[in-house]
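Breakdown of the fold
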Amino acid sequence: MTYVRYIDKTRDYYAKEGYDKAYQWAHFEEVPFTTLKKPLAECRLTLVSTSDIAVKSDNERERSLAEMFAGQVYSIPSSTPIENLFSQQEHFDKHATHLDDVDTYFPITRLHEAATEGRIKSVAPRLHGVCTAYSHRRTMEIDAPEILQRCEEDQVDACILTPI
């Protein structure tokens with residue numbers, strides 16, 4: 001089995017694009033996470049992704065790109081059937097993977113299965129995403145607080161973070 005070395009690939013990409021400064025990955029001395037206060041089987045979960053998930057419209061693959069590509073947080077109903085979801089993300093290693101199987105980067109089916117099987121209490125009514133601007137400051141000051149607010153509105157106990 002081979003692995004994609006994303007950190008190396010990202011550094012190489014930025015260097016080839018002519019950036020003077022190498023990409024700096026977010027680093028925290030203290031991890032900004034907390035332990036659950038109750039068992040997972042009693043928790044409501046949601047997905048938070050950078051994978052540019054969209055819902056197919058009546059015109060099959062049309063959608064409003066304005067919100068997603070403006071680097072804003074967006075939400076979709078968790079009841080959306082997986083066959084109605086897709087991504088047209090352009091920033092991934094097209095030689096190492098593909099976007100054909102939505103569950104591989106936005107595991108909505110597995111989340112619903114976990115609820116049905118009693119491994120989690122429920123799935124939140126909304127799932128969230130943000131097309132990142134690759135700005136640590138923007139993520140910390142704008143995107144993360146907006147996602148937190150939406151999770152609090154939906155009484156979410158835990159999030160599964162899924163990047164692409």
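The structure displayed is predicted, hence computed values, not measured ones.

As a further point, take the overall build of the protein chain. The helix and strand tally for the protein chain stands at four helices and seven strands. Reading the helices (α) and strands (β) of the protein chain from amino to carboxyl end gives α-β-β-α-β-β-α-β-β-α-β. Every one of the 164 residues in the protein chain was classed for burial, and the buried ones make up 32%. Taking contacts inside the protein chain between residues at least 6 apart in sequence as the whole, the part at least 24 apart equals 74%.

One finds Ile53, Ile76, Leu85, Phe106, Leu111 and Leu127 to be the most contacted residues of the largest nonpolar core, which totals 18 residues. Mapped onto this core, the elements with two or more residues apiece are β1 (44-49), β3 (73-77) and α3 (108-116). A total of three residues in this core trace back to one element, the largest contributor, which is α3. In this structure Leu111 touches Leu45, Thr46, Leu47, Ile120, Val123, Leu127 and Ile160, once residues within four positions along its chain are discounted.

For helix α4 (residues 136-153), built from 18 residues, the straight-helix expectation of 26 Å at 1.5 Å per residue is met to within 8% by its first-to-last C-alpha distance of 24 Å. Taking the largest bend as the criterion, α4 deviates by roughly 35°, centred on Asp143, and proline Pro145 comes between one and four positions later. Where α4 is buried, its residues touch β1, β3, β6 (126-130) and β7 (158-162). Where α4 terminates, the next one or two residues include Gln155, which has phi positive at roughly 55°.

Turning to a nonpolar patch on the surface, a few remarks are in order. Together, Val31, Phe33 and Leu161 make up a nonpolar patch on the protein surface, roughly 360 Å² of accessible area in all. By secondary structure assignment, the location of Phe33 is in the loop between α1 (6-16) and β1. What makes Phe33 exposed here is its relative accessible area of 61%.

In this section: the environment of Leu85. Looking at the secondary structure, you find Leu85 in strand β4 (residues 85-87). Overall, Leu85 belongs to the buried group, its relative accessible area being 3%. It is 6.0 Å that separates the C-alpha atoms of Leu85 and Lys56, two residues lying 29 residues apart in sequence.

What follows concerns the confidence of the model for the protein chain. Per-residue confidence for the protein chain gives a mean pLDDT of 81, with 80% of residues at or over 70. Helix α2 (residues 65-69) is the least confidently modelled element of the protein chain, averaging 47 in pLDDT, while strand β5 (residues 122-123) averages 98, the highest of any element. For the stretch residues 59-69, pLDDT sits under 50, and the model shows 24 contacts to residues farther than four places along the chain or on other chains.

Across all of its chains, the model carries two aromatic pairs by this definition. Through a chain of ring-to-ring contacts, three or more aromatic side chains come together here, namely Tyr13, Tyr14 and Tyr19.

Residue position: Arg150 is located in helix α4. Setting aside chain neighbours within four positions, we find Arg150 in contact with Val73, Tyr74, Ser75, Arg126 and His128.

Quick look at the environment of Thr10 now. Note that Thr10 resides in helix α1. Excluding its chain neighbours within four sequence positions, the residues that come into contact with Thr10 are Tyr23 and Trp25.

A few words now on the environment of Val130. Structurally, Val130 can be placed in strand β6. Remark: the alpha-carbon pair of Val130 and Val73, spanning 57 residues in sequence, is separated by 4.4 Å.

What counts and how
Residues numbered from 1 in each chain as written. Predicted model: local features only at pLDDT ≥ 70, side-chain atom pairs only at ≥ 80, totals over all residues. Heavy atoms only, no water. Helix = DSSP H or I, 4+ residues; strand = E, 2+ residues; numbered from the N terminus. Buried < 20%, exposed > 50% of the residue type's maximum accessible area, 1.4 Å probe, protein only. Contact = heavy atoms within 4.5 Å. Core = buried A, V, L, I, M, F, W, Y, C linked by side-chain atoms within 4.5 Å. Expected span 1.5 Å × (residues − 1). Bend = angle between axes of the 7 residues up to and from the residue. Patch = residues over 30% accessible without salt bridge, like charges linked within 9 Å, V, L, I, M, F, W, Y side chains within 5 Å. Areas by Shrake-Rupley, 256 points an atom, 1.4 Å probe, with all protein chains shown as cover. Salt bridge = Lys/Arg side-chain N within 4 Å of Asp/Glu carboxyl O. pLDDT = per-residue confidence, 0-100. Phe/Tyr/Trp six-rings, centres within 6.5 Å; stacked < 30°, edge-to-face > 60°.

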